[in-house]
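These are the residues of each chain, in order.
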Amino acid sequence: MEQKSILILQMGNAPQTMRDAHGDVPLWFCQLLGCELDDVEVIRVFEGEVLPAPDPRRAAIITGSWAMVTDRLPWSEQTAAWIREAMAMEMPLFGVCYGHQLMAWALGGDVQYHKDGREAGTKTVYLNAAAAHEPLLAHLEESFPAHLTHRQTVTRLPIGVTVLGASVHDPHQIVRYGPNAFSVQFHPEMRPEIATDLLRLNRPHIEKEGGDTDSLIAGVIPAPDAAEILRRFMQEAFRQERALSLRAAS
């Protein structure tokens, strides 16, 4: 069987109401990338499915989750060990939300609940000076909208990483870990209708925490620039795959 180039490490199911309306998380990524589910390999890590050996000829997306990195769940810790192995061979990795936090934890950083609570809705991400040298961000202005929903955050980064963007709430929105490793706290795979339904689903929690769900819903707008970051990452990973294949064949 031919090995699929894209590997989605699924770290949790979307709630049933979200799946009924929009499908599950891997579909959201496929819709962003313009591919079919059959074109990717999905590993449901949170259900104990076995991770394949890291391979620099493939690219892995590490998704968000409804779990917390600080729970140190066995499947999460196993994925953290896998991330360290993948980094050692410079396999292309892209972490999203939980995946972003797990990469930081796996590589020597720390993750905790954010001291100011939940960040939810469409928020502005601001690029810093280092972003001017990042090809994946060349399409962006100094700031852009992105969809967010998280309560935990990277509180300490691993040594040697580069922070490229922040929001008012969170200083670590975009991080470069190495030549082929990148992560974002926001959700490039979320379309406005997904972000809106997620806010509706979380209304009881948002209101209990003193937030205004209706205002957050009214503020949801498209976030195409955030989605383009992941597309560009995958395009670069495919170029690397072709180069490795040509080298192996020569």
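The protein has the name Glutamine amidotransferase domain-containing protein in an unreviewed UniProt entry, where Kosakonia cowanii JCM 10956 = DSM 18146 is given as its organism.

K.L.:
How should the overall build of the protein be read in this particular structure?
P.N.:
Counting its secondary structure elements, the protein contains eight helices and 11 strands. Each of the 250 residues in the protein was classed as buried or not, and the buried ones make up 51%. Partitioning the intrachain contacts of the protein with sequence separation of at least 6 by distance along the chain shows that 74% fall at a separation of at least 24. Surface exposure of the protein reaches about 11,400 Å², of which carbon and sulfur atoms provide 53%. With 22 positive and 32 negative side-chain charges, the protein shows a separation of 2 Å between the mean positions of the two kinds.

K.L.:
What should I look at first to understand the sheet that holds strand 4 (residues 93-96) in this one?
P.N.:
Within a sheet, adjacent strands bond to each other through the backbone by hydrogen bonds, running parallel or antiparallel. Read from one edge of the open sheet, nine strands run 2-1-3-4-11-10-9-6-7, paired in mixed fashion. Across the chains shown, the open sheet's two edge strands, defined by having one partner strand only, are strand 2 (40-44) and strand 7 (143-150). Across the sheet, the axes of successive neighbouring strands diverge by a mean angle of 25 degrees, strand direction being ignored. Bridging between strand 4 and strand 11 (residues 181-184) involves four bridges; their strand directions are parallel.

K.L.:
Looking at this model, I keep getting lost on the environment of Asp39. Mind explaining?
P.N.:
With respect to the element layout, Asp39 can be found in the loop between helix 2 (25-33) and strand 2. Its relative accessible area of 42% is what places Asp39 among the partly exposed residues. In sequence terms Asp39 and Ile6 are 33 residues apart; their C-alpha atoms lie 7.6 Å from each other.

K.L.:
How should the UniProt feature "domain: Glutamine amidotransferase" (unreviewed entry) in the protein be read in this particular structure?
P.N.:
Mapped onto the present numbering, the UniProt feature "domain: Glutamine amidotransferase" (unreviewed entry) falls at residues 76-193. The span residues 76-193 is 20% helical and 37% strand by assignment, and the distance between its end C-alpha atoms comes to 29 Å.

K.L.:
Please clarify how the packing of aromatic side chains should be interpreted in this entry.
P.N.:
In this description, an aromatic ring pair is defined by two values, namely the gap between the centres and the angle between the planes. Counted by the stated rule, this structure contains four aromatic pairs. Ring geometry for Phe94 against Phe233: centres 5.2 Å apart, planes inclined by 65 degrees, an arrangement best described as edge-to-face. Of this pair, Phe94 sits in strand 4 while Phe233 is found in helix 8 (residues 224-249), placing the two residues 139 residues apart along the sequence. An identical accessibility class is assigned to Phe94 and Phe233; each is buried. Connected via pairs of aromatic rings, a cluster forms that spans Phe94, Phe182 and Phe233. The residue whose ring lies beneath Arg72 is Trp105, and the NZ or CZ to ring-centre distance is 3.5 Å.

Cut-offs applied
Residues numbered from 1 in each chain as written. Predicted model: local features only at pLDDT ≥ 70, side-chain atom pairs only at ≥ 80, totals over all residues. Heavy atoms only, no water. Helix = DSSP H or I, 4+ residues; strand = E, 2+ residues; numbered from the N terminus. Buried < 20%, exposed > 50% of the residue type's maximum accessible area, 1.4 Å probe, protein only. Contact = heavy atoms within 4.5 Å. Areas by Shrake-Rupley, 256 points an atom, 1.4 Å probe, with all protein chains shown as cover. Lys, Arg positive; Asp, Glu negative; His and termini not counted. Charge placed at Lys NZ, Arg CZ, Asp CG, Glu CD. Pairing = 2+ DSSP bridges. Axes fitted to C-alpha atoms, helices over the stretch in contact; angles between N-to-C directions. UniProt positions renumbered as here; feature names shortened; annotations may be inferred. Phe/Tyr/Trp six-rings, centres within 6.5 Å; stacked < 30°, edge-to-face > 60°. Lys NZ or Arg CZ within 6 Å of the ring centre and 35° of its normal.

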